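A look at the structure
The primary structure of each chain is shown beneath.
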Amino acid sequence: MAERVVPEPQRRRRRPTRQGVVLSGQLIVDTALRLVAQHGAEALTVRRLGAALGADPSAVYRYFRNTDDLLLALADELIGRAQHGWRPTGDWRADLRAIGLRIHRSYQAHPQAALLAAHRTTGRTHEIRAVEAILGVLRGAGFPDPEAVRIYHAFVDQSLGFAALDAAAAALPAAAKAADQDVWQAAYGHLAADTHPHIAATAPRLAAEMRHSGYPYALELLLEAAAARLPRSCGRRGQGGRA
């Protein structure tokens, strides 16, 4: 998808496509997410989008400058879907937990897109709103600004890192996914106690645990570590109280 800029007033297409729909940036993003889910990263081309939309491929340029511009829009859409319906409760731990789990679920719902987009910084509407919300939760809890920024950084990187890792696993072909899961029983479950005492002692638990994402527990560890860094004068007002 080559770089091409269409002036803003000319971007909207008023005539319906061959499929009887009027193009919009949101329709293109939704279609791109569906194509990537079905066919992987190679589906993110103007030709495929045009065919799926029933429009001339060049029409996509009325809304997105190039493939990377569209990819950033996909990333921002996943962030927006994670925020849909979220409202702060005033309990900073509960609020961060909800945001983190929402981000993780949003990316797991679109694992192929997550592989393309989890590491990108969009600077767009949904991402900006998410950054503002998370920093608001932390500053409202009483964390000083330097600490709030550091915790924000760790929180977001942890959320997106697990989202990308778990998306990669979810995007595996079924046979490969099953084989990876079976390794914990087939390989680790048969190691001898005299050579690998710690694995042998925990093998059944390992086999059960490694079938699930480690993110929820890692998130709790991060929240506990963050709480330990909250100024005591704020902590005494309650976990959820504002400073």
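Check the entry above for the structure.
Just so it is clear, the model here is predicted, and its values are computed rather than measured.

The next thing to look at is the pattern of salt bridges. Applying the stated criterion across every chain yields a total of 10 salt bridges. Asp30 serves as the salt-bridge partner of Arg81, at 3.1 Å between the closest nitrogen and oxygen. Within this pair, whereas Arg81 is found in helix α3 (residues 67–83), its partner Asp30 is found in helix α1 (residues 25–39), the two being separated by 51 residues in sequence. Exposure remark for Arg81: the relative accessible area of 35% places this residue in the partly exposed category. Under the relative-accessibility criterion, Asp30 is labelled partly exposed at 30%. Glu147 serves as the salt-bridge partner of Arg229, at 2.4 Å between the closest nitrogen and oxygen. One end of the pair, Arg229, is in the loop between α10 (215–228) and α11 (232–235); the other, Glu147, is in helix α7 (residues 145–170), with 82 residues separating them in the sequence. Take Glu147: its relative accessible area is 10%, and that puts it in the buried class. Among the charged side chains, a network of salt bridges with common partners joins Asp30, Glu77 and Arg81.

So, on to α10. Every α-helical turn comprises 3.6 residues, leaving residues that sit three or four positions apart pointing alike. Compared with the 20 Å implied by 1.5 Å per residue over 14 residues, the 20 Å span of α10 between its first and last C-alpha is a close match. Looking at the buried positions of α10, the neighbouring elements they touch are α4 (92–108) and α7.

Okay, the environment of Met210 next. For Met210, the location among the structural elements is in the loop between α9 (197–209) and α10. Counting along the chain gives 30 residues from Met210 to Asp180, while the straight-line C-alpha distance between them is 9.9 Å.

Before going further, it helps to examine the side chain of Asp166. Looking at where Asp166 falls in the secondary structure, it is placed in helix α7. In this structure the side chain of Asp166 is engaged in a polar contact, spanning 2.5 Å, whose partner is the side chain of Ser213. Beyond its immediate sequence surroundings of up to four residues, Asp166 is in contact with His104, Gln108 and Ser213.

Tallying each qualifying case throughout the model produces three aromatic pairs. Ring centres of Trp92 and Phe143 lie 5.2 Å apart, and the angle between their planes is 90°; this geometry places the pair in the edge-to-face category. Of this pair, Trp92 sits in helix α4 while Phe143 sits in the loop between α6 (125–141) and α7, placing them 51 residues apart in sequence. On the basis of an interplanar angle of 25° and a centroid distance of 4.6 Å, the ring pair of Trp184 and Tyr188 is categorised as stacked. Taking the relative accessible area as the measure of exposure, Trp184 reaches 21% and is therefore partly exposed.

On to the nonpolar core, then. Generally speaking, soluble globular proteins have nonpolar side chains that are buried together. In terms of nonpolar packing, the biggest core is built from 57 residues, with Leu70, Trp92, Tyr107 and Phe143 touching the most fellow members. Where this core is concerned, the elements lending two or more residues are α1, α2 (46–53), α3, α4, α5 (111–117), α6, α7 and α10. Not counting residues within four places of it along the chain, the set of residues in contact with Phe143 comprises Trp92, Leu138, Ala148, Ile151, Ala226, Arg229, Leu230 and Pro231.

Right, let's get into the environment of Ile79. Looking at the element boundaries, Ile79 is found in helix α3. Separated by 43 residues in sequence, Ile79 and Thr122 place their C-alpha atoms 9.8 Å apart. Among all residues touching Ile79, those that are not within four sequence positions of it are Tyr107, His126, Glu127 and Ala130.

Below, the discussion takes up the packing of α4 against α6. Geometrically, a packed helix pair is captured by the angle between its two axes and the distance between the axes. Here α4 crosses α6 at 165°, and the two axes come no closer than 10 Å. The orientation of α4 with respect to α6, classified from their angle, is roughly antiparallel. The hand of the α4/α6 crossing is left-handed. Residues Trp92, Asp95, Leu96 and Ile99 of α4 form the contact with α6, whose participating residues are Ile134, Val137, Leu138 and Ala141. Broken down by class, the residue content of the contact of α4 with α6 amounts to seven nonpolar, no polar and one charged.

Bringing the packing of α7 against α10 into the picture now. Contact geometry of α7 with α10 gives a least axis separation of 11 Å together with a crossing angle of 175°. In terms of their interaxial angle, α7 and α10 are classed as roughly antiparallel. Contacts between α7 and α10 pair Ile151, Ala154, Phe155, Gln158, Ser159 and Phe162 from the former with Tyr215, Ala218, Leu219, Leu222 and Ala226 from the latter. Considered class by class, the residues forming the contact of α7 with α10 number nine nonpolar, two polar and no charged.

The rules behind each value
- Residues numbered from 1 in each chain as written.
- Predicted model: local features only at pLDDT ≥ 70, side-chain atom pairs only at ≥ 80, totals over all residues.
- Heavy atoms only, no water.
- Salt bridge = Lys/Arg side-chain N within 4 Å of Asp/Glu carboxyl O.
- Helix = DSSP H or I, 4+ residues; strand = E, 2+ residues; numbered from the N terminus.
- Buried < 20%, exposed > 50% of the residue type's maximum accessible area, 1.4 Å probe, protein only.
- Expected span 1.5 Å × (residues − 1).
- Contact = heavy atoms within 4.5 Å.
- Polar contact = N/O pair within 3.5 Å; in protein donor to acceptor, adjacent residues only side chain to side chain.
- Phe/Tyr/Trp six-rings, centres within 6.5 Å; stacked < 30°, edge-to-face > 60°.
- Core = buried A, V, L, I, M, F, W, Y, C linked by side-chain atoms within 4.5 Å.
- Axes fitted to C-alpha atoms, helices over the stretch in contact; angles between N-to-C directions.
- Parallel < 35°, antiparallel > 145°, perpendicular 65-115°, else oblique.
- Left-handed = near helix turned anticlockwise from the far one by under 90°.
- Nonpolar A, V, L, I, M, F, W, Y, C, P; charged D, E, K, R; others polar.

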